[in-house]
Amino acid sequence: MQLRYNFRVYPTPGQQIGLARAFGCARVVFNDGLRLRQQAREAGEKYVSDAELSKRLITQAKLTPQRAWLSEVSAVVLQQALADLNTAYRNFFASMSGKRKGRKVAAPRFRSRKDNRQAIRFTKNSRFTVLDNGRLRLPKIGDLDVRWSRSLPSDPSSVAIIKDAAGRYFASFVVQTAEDETLPPVESEVGIDLGLTHFAVLSDGTKVAAPKFLRRAARKLKRLQQALSRKQKGSNRRKKAVVKVARAHARVADTRRDWQHKLSTTIVRENQAIYVEDLCVTGLGRTRLAKSVHDAGWASFTGMLEYKAARYGRTFARVDRFLPSTRTCSDCGRIGEKMALNVRAWDCPCGSHHDRDVNAAKNIRAAGQADLNDRGAQVRPPAMAAPRSEAVTHPDAARTTRSVEGISVL
C-alpha cells in the first residue's frame, strides 16, 4: 500500500526564496486554469481539456512577456498544479452526479497567496534525488537539509514540499510499503467505545483518559490571541504575532497526532480485530460540545486504526452508529430504557452489573464480530433518530487529563 512519510526540512534563505517563487508560479497556473474554464462555461463554449490547458497556460504562456517568469521554476511543478485542478473538477463532477459518496464537494476555488498552507509537488520525471549525504536535491531549488527520523521503505514516487502556517517546511514522500508486513496473529479482538471523559474504553476493561490537548493549552493560546489583537493591522509585529499563534496551534496538533499514533499502534499490535462505532463527527461538531469533539480527534484516530490494520494484516470494521450499545446488556442481550448521562453503571434484570462504557465496548465488539462472520443475527435496530444521550458525556463527570488506566497517555 502507498503511504506518506513526512520529514522536516530546513531550507536556506536563498532556497526559501526559490520555494516561494515555486509556490507563486504553481498558484498562478492553477488560478489561470480555473479562470479559463470558468470563462469558457460562461461563454457557452465546450469544456477546456487537460491537454489544452497545459499547452496554453504553460508552453505558450512562457513565451509571453506577462508569464515569462514561469520558466524560473521546474515545469513539473506547473504540471502538477494543473493536475490538482483536474482532480478538483473530477471530484466536483462525481459529487454532483452521485458517483462520489459522502459529503458534497464544492467547485474548485481560486488559491490565494495569503493561504496558511502552500505546497508544490515533484514527481519522478522531475528527477528529484535523495543524496548519499541525506540531502534532498530538487530541480531549480537546490539541496535541502532534511531531518530524517526514519528510513524510507522504498524509493519515493513523488515528494511534496509544504509550508504550513507556522512557517515550517516539510517534505512529504509517497512510498510503496513492503509486500509482507503482516504481524504475527494473536487471539484477542477488541471493541472500542470512544468518548470525551475517557477517550477510548476497550472491551477488555481498559480505559484511556482523554488528554484534552487543546484545553490544556487554552491559557497560553488565550494570551497569544490577546497579544495578537493588540497589534496594528498590517504591521510587522502583527505578522510575528500571527506566526506565534500558529506555532502554538501546531504544537497542540503535533502532540495530539503523536499520542494517537502511539495508542493506535499499540491497539493494532495487541489485537487481531478492532471494531469501532461509526460516529457522526460532523453532526457532533455542531453541538455545544463541538470544541471537545474536535479536540478529541476521533476521526483521525479511527483513520489511523483503519490503515494500520490494513498494513499489518489485522481486521478493522465499523459498527452502525444507531446500535444501542450503551443500554443493551452484553450478557443477555436485553435492550433497556434510555439512561441519563449521569448514570455510569447500571444493573440488568438478568443479574448482571455493567459499567456503562465497558458494556458499550463489549456490544460493539459483538456486533462487529456478527457482521464479519455473517451469522445472520440482527445487530442493528430499525432506523431511528440518534439519541443525544449516546453521544455525550455528563458535564459533572471526572475531568482528569493525566490519569490513564492501562495505557499511558503521554
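Residues numbered from 1 in each chain as written. Predicted model: local features only at pLDDT ≥ 70, side-chain atom pairs only at ≥ 80, totals over all residues. Heavy atoms only, no water.

(A) Examining the overall build of the protein chain more closely. Looking only at helices and strands, the protein chain features 10 helices and 14 strands. C-alpha atoms of the protein chain, sized along the principal axes, occupy 85 × 50 × 50 Å. Residue burial in the protein chain is summarised as follows: out of 410 residues, 42% are buried. Long-range contacts, defined here as pairs at least 24 residues apart, represent 68% of the contacts in the protein chain between residues at least 6 apart. Separation of charge centres in the protein chain, based on 75 positive and 38 negative side chains, amounts to 12 Å. (Helix = DSSP H or I, 4+ residues; strand = E, 2+ residues; numbered from the N terminus. Buried < 20%, exposed > 50% of the residue type's maximum accessible area, 1.4 Å probe, protein only. Contact = heavy atoms within 4.5 Å. Lys, Arg positive; Asp, Glu negative; His and termini not counted. Charge placed at Lys NZ, Arg CZ, Asp CG, Glu CD.)

(B) Just the UniProt feature "domain: Probable transposase IS891/IS1136/IS1341" (unreviewed entry) in the protein chain, in detail. Per the UniProt record, "domain: Probable transposase IS891/IS1136/IS1341" (unreviewed entry) is found at residues 172–284. Counted over residues 172–284, helix gives 49% and strand 21%. Its end C-alpha atoms are 31 Å apart. (UniProt positions renumbered as here; feature names shortened; annotations may be inferred.)

(C) Molecular detail of the side chain of Asp295. Within the secondary structure layout, Asp295 lies in helix 8 (residues 290–296). Residues contacting Asp295, with those up to four places away along its chain left out, are Lys212, Phe213, Leu214, Arg215 and Arg256.

(D) Local environment of a positive patch on the surface. Together, Lys220, Arg223, Arg237, Lys240, Lys244, Arg247 and Arg251 make up a region of like positive charge exposed at the surface. If you list the elements that add at least two residues to the positive patch, you get helix 5 (218–229) and helix 6 (236–270). The leading source of residues in the positive patch is helix 6, at 5 residues. (Patch = residues over 30% accessible without salt bridge, like charges linked within 9 Å, V, L, I, M, F, W, Y side chains within 5 Å. Areas by Shrake-Rupley, 256 points an atom, 1.4 Å probe, with all protein chains shown as cover. Salt bridge = Lys/Arg side-chain N within 4 Å of Asp/Glu carboxyl O.)

(E) Fine view of the UniProt feature "domain: Cas12f1-like TNB" (unreviewed entry) in the protein chain. According to UniProt, the positions carrying the feature "domain: Cas12f1-like TNB" (unreviewed entry) are residues 298–364. Taken as a whole, residues 298–364 contains 34% helix and 16% strand, while its terminal C-alpha atoms sit 16 Å from one another.

(F) Molecular detail of the sheet that holds strand 6 (residues 158–163). Spatial strand order, 2-6-7-1-5-4-3: 7 strands in an open sheet with antiparallel pairing. Whereas interior strands pair on both sides, the edge strands pair on one side only; in this sheet they are strand 2 (118–123) and strand 3 (129–130). Across 8 bridges, strand 1 (residues 2–10) lies against strand 7 (residues 169–176) in antiparallel orientation. By the bridge assignment for strand 7, Phe7 is matched with Ala171. The strands touched by helix 1 (residues 13–42) within the sheet are strand 1, strand 2, strand 5 (142–147), strand 6 and strand 7, with strand 2 carrying the most contacts at an inclination of about 90°. (Pairing = 2+ DSSP bridges. Axes fitted to C-alpha atoms, helices over the stretch in contact; angles between N-to-C directions.)

(G) View of the packing of helix 1 against helix 2 (residues 50–59). Between helix 1 and helix 2, whose axes approach to 10 Å, the crossing angle comes to 125°. Considered as vectors, helix 1 and helix 2 are oriented oblique to each other. Between helix 1 and helix 2 the crossing geometry is right-handed. Across the interface between the two elements, Val29, Asp32, Gly33, Leu36 and Arg37 of helix 1 pack against Asp50, Leu53, Arg56, Leu57 and Ile58 of helix 2. Of the residues that constitute the contact of helix 1 with helix 2, the class distribution is 5 nonpolar, 1 polar and 4 charged. (Parallel < 35°, antiparallel > 145°, perpendicular 65-115°, else oblique. Left-handed = near helix turned anticlockwise from the far one by under 90°. Nonpolar A, V, L, I, M, F, W, Y, C, P; charged D, E, K, R; others polar.)

(H) Region of interest: the nonpolar core. Formed by 41 residues in total, the largest nonpolar core has its most connected members in Ile120, Phe122, Leu136, Leu138, Val159, Ile161 and Phe173. Per element, the largest residue contribution to this core is 10 residues, and it comes from helix 1. In terms of nonpolar packing, the next biggest core, distinct from the first, is built from 36 residues, Leu183, Val190, Leu196 and Ala309 among them. (Core = buried A, V, L, I, M, F, W, Y, C linked by side-chain atoms within 4.5 Å.)

(I) Looking closely at the environment of Thr123. On the secondary structure map, Thr123 appears in strand 2. By relative accessible area, Thr123 is classed as buried at 16%. Distance in space between the C-alpha atoms of Thr123 and Arg314 is 32 Å, their sequence separation being 191 residues. Not counting the four nearest positions on each side in its chain, Thr123 is found in contact with Val76, Gln80, Phe128, Ser157 and Ser158. Within polar-contact distance, the side chain of Thr123 engages the side chain of Asn125 at 2.4 Å. (Polar contact = N/O pair within 3.5 Å; in protein donor to acceptor, adjacent residues only side chain to side chain.)

(J) View of the state of the cysteines. Inspection of every chain in the model, using the stated rule, returns 0 disulfides. For Cys329, which is in no disulfide, the shortest distance to another cysteine sulfur is to Cys332 and amounts to 3.5 Å. (Disulfide = S-S within 2.5 Å.)

(K) Up close: the packing of aromatic side chains. With the rule as written, the count across this model stands at 10 aromatic pairs. Relative to Phe93, the ring of Phe92 has its centre 5.6 Å away and its plane inclined at 45°; by these criteria the two rings are tilted. The exposure class of Phe92 is buried, given its relative accessible area of 19%. Residue Phe93 is classed as partly exposed on the basis of its relative accessible area of 40%. Through successive ring pairs, a cluster of aromatic residues spans Tyr47, Tyr89, Phe92 and Phe93. Over the ring of Phe170 we find Arg8, and its NZ or CZ is 5.8 Å from the ring centre. The aromatic ring of Phe30 is capped on one face by Arg111, whose charged end is 4.0 Å from the ring centroid. (Phe/Tyr/Trp six-rings, centres within 6.5 Å; stacked < 30°, edge-to-face > 60°. Lys NZ or Arg CZ within 6 Å of the ring centre and 35° of its normal.)

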